[in-house]
Amino acid sequence: MPVSEHRTDRDGSHALLLGASAFRHPKILPVPAAANSLRAMERMLTDPALGGWPSAQVTSVLDPPNAVEVIRRIRRLAQRTTGTLLLYYVGHGHISPSGELILTVHDTDPEDADLTGIEYSRVRNALLGSPAAVKIVILDCCYSGRAIEALGSDTVSDAVAVRGVYTLTAADLEVAHVAPLAEQSAVPTSFTGQLVELVRTGLPGESPWLTLDAIYPHLAARLRHAGLPAPNRLTTDSAAHFPFVRNTGRTSAARRSGNTSAEPLGTASPTTPSGRPHFDPVKGAGYDIEEVDARRLDVIALVADPRRRRRARAPYFRHVSSKKRYGYDKAQVDAYIERHRCEPASFVDALRMLLADAGIPLVAEGGAQTRRAAREVDKVESKCAIYGREQLIGFVRVGWSGRTPGMIAFTDTRITIRTNFIPLVIPYSHVEQARLSTTSVWEGWGAGDAVGASEVFTMTVGFGGREVKIEECNQYPLQNTLSDTLPALSNLQRNHPEWFVSGLTADHADRGEG
């Protein structure tokens, strides 16, 4: 169905925006960025030049106290909406033991999340019973697809499959991304920030109204280039063709196609209110403004990539070509980009950097490895039960020449220590609970003139009521690996606690015991 066949007015429509940023339970980290995302989404929808929703038809609820109140509000709103029903949620997502998505609220208890959080099946039932012609659901939260895989279920995907609805999620069954806690006071979550920025920038060459289907591939590309989790979507019927926002890119492109050099940019704001950084425009001595706006995220992804960042050096963008034109201040842009050089954009990037610094061999991405290396990787994945979407990042393997033959594998969710008999699995979200203790003993060897003694070090690794012992002498590859990486991971958790929740809390212990 063409966009023109959909009504662009908002009669009989309502948008409910929910944000969970503060929580009563101490184990659920606060997300100040969620409050910023909620406000950014409300501004975007009610902006006459963008969403065009009347303010009276948009309800924002920050930190709803309990799940019952939210579910009741969703039900009543769904029953009286006949036009478009839009539901937006930003906050923490959890997976119940049955594999169902749980949206957290202020008083959610992670021990009883299915009772104190919002089970998505209740949202689904409200959508099923609504007379709304179009239903849009945007979920900016984490939920672990690996937990679903372990249960052999596709519960989350089934739950959002409602006729006439377009569902857009911040991550494809994995952990979503947000800035470090100390930096969240003035920025939105990564997904909502990219979505709002894309909407405000617009898409040149597209129709006057942008559908979610038109937005999605550009949003996915932006997130991918920035090293952020890939989004996902599920659509039924003609909901994909619903005119979501006005396309500002058409008017912007037309204005830029005129006399660009004659337009004084020094008085215009070079940024948008969607969380983008502020760069001062200067005359004839800066970076090309349009190139910075178009390629900023690509350059950040480059400098934050541990495999390529050494090849990324200033100047990052072209300079303005005329003294009459305005460009962004080069020093400000360079400083902004440089901050990302030592600040990885995702947990996997940070893990690669951590392992590389510890001298642990990394697994090549995209199959770019020799046959011998591929066979080695296959052995490790088989021994450590690494299947499905789980990604092997690096490993250390000791053969029979070692005192304790075995291996230590690092995936994107867990550490697996495998010796002769028993594997020990440590999820990154619980790495601070791992215990290391080392003892040593001298053992004599040989006879006659060829006698000597070696000091044998035994490291005991404990986690979750289980232990594994590693004995090594002369060389200590397995013990050194754990001594280097476990403290570094604990330090990373203190600096980026948002990377160690939801998607990384999936318990893979059962998978590793086979």
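All figures in this text were calculated on a predicted structure; none of them were measured in a lab.

Moving on to the overall build of the chain. Summing up its helical and strand segments, the chain has 15 helices and 20 strands in all. Out of the 514 residues in the chain, the part that is buried amounts to 52%. Long-range contacts, defined here as pairs at least 24 residues apart, represent 71% of the contacts in the chain between residues at least 6 apart. Total accessible area computed for the chain in this model is approximately 23,300 Å², and 51% of it derives from carbon and sulfur atoms.

For the chain, the mean per-residue pLDDT works out to 76, and 75% of the residues sit at or above 70. Averaged over each element, pLDDT in the chain is lowest for helix H5 (residues 145–151) (29) and highest for strand E1 (residues 14–19) (94). Predicted confidence is poor over residues 1–5, with pLDDT under 50, and the contacts of this stretch with residues over four places away or in other chains come to 7 contacts. Confidence over residues 251–275 falls short of pLDDT 50; this stretch has 32 contacts with residues more than four positions distant or in other chains.

Here the focus is the sheet that holds strand E15 (residues 406–411). In spatial order, the strands read E14-E15-E16-E17; together these 4 strands make up an open sheet with antiparallel pairing. The strands lining the two open edges of the sheet, one partner per strand, are strand E14 (392–398) and strand E17 (423–427). Pairs of neighbouring strands in the sheet enclose a mean axial angle of 10°, with direction left out of account. Summarising the sheet, strand E16 (residues 414–418) and E17 pair through 5 bridges and their orientation is antiparallel. Residue pairing for E17: Arg418 is matched across the bridge by Pro423. Running at roughly 90° to E14, helix H13 (residues 371–383) makes contact with E14, E15 and E16 of the sheet. In the packing of helix H14 (residues 477–495) onto the sheet, the strands contacted are E14, E15 and E16, and the crossing angle to E15 comes to about 25°.

Interaxial distance between helix H2 (residues 67–80) and helix H4 (residues 120–128) falls to 8 Å at its minimum, and their mutual angle equals 15°. Of the possible angle classes, the one that applies to H2 and H4 is roughly parallel. Helix-helix and strand crossings are classified by hand; for H2 and H4 the assignment is right-handed. Contact with H2, carried on its side by Ile71, Ile74, Arg75 and Ala78, involves Arg122, Val123 and Ala126 of H4 and no other residues of that element. For the contact of H2 with H4, the residue count by class is 5 nonpolar, no polar and 2 charged.

What follows concerns the environment of Glu455. Looking at where Glu455 falls in the secondary structure, it is placed in strand E19 (residues 450–463). Residues Glu455 and Asn474 lie 19 residues apart in sequence; the distance between their C-alpha atoms is 7.7 Å. Residues in contact with Glu455, not counting those within four places in the same chain, are Ser440, Val441, Trp442, Glu472, Cys473 and Tyr476.

Further remarks concern the packing of aromatic side chains. For any two aromatic rings, the description comes down to two numbers: the centre-to-centre distance and the angle of the planes. Per the stated rule, a full pass over the model turns up 5 aromatic pairs. Between Phe347 and Phe500 the ring centres are 5.4 Å apart and the planes differ by 80°, which places this aromatic pair in the edge-to-face class. A residue pair is termed long-range when its members are at least 10 positions apart, and Phe347 in helix H12 (residues 347–357) and Phe500 in the loop between H14 and helix H15 (509–512) qualify at 153 residues. Note on Phe347: relative accessible area 6%, which makes it buried.

Quick notes on the rules
- Residues numbered from 1 in each chain as written.
- Predicted model: local features only at pLDDT ≥ 70, side-chain atom pairs only at ≥ 80, totals over all residues.
- Heavy atoms only, no water.
- Helix = DSSP H or I, 4+ residues; strand = E, 2+ residues; numbered from the N terminus.
- Buried < 20%, exposed > 50% of the residue type's maximum accessible area, 1.4 Å probe, protein only.
- Contact = heavy atoms within 4.5 Å.
- Areas by Shrake-Rupley, 256 points an atom, 1.4 Å probe, with all protein chains shown as cover.
- pLDDT = per-residue confidence, 0-100.
- Pairing = 2+ DSSP bridges.
- Axes fitted to C-alpha atoms, helices over the stretch in contact; angles between N-to-C directions.
- Parallel < 35°, antiparallel > 145°, perpendicular 65-115°, else oblique.
- Left-handed = near helix turned anticlockwise from the far one by under 90°.
- Nonpolar A, V, L, I, M, F, W, Y, C, P; charged D, E, K, R; others polar.
- Phe/Tyr/Trp six-rings, centres within 6.5 Å; stacked < 30°, edge-to-face > 60°.

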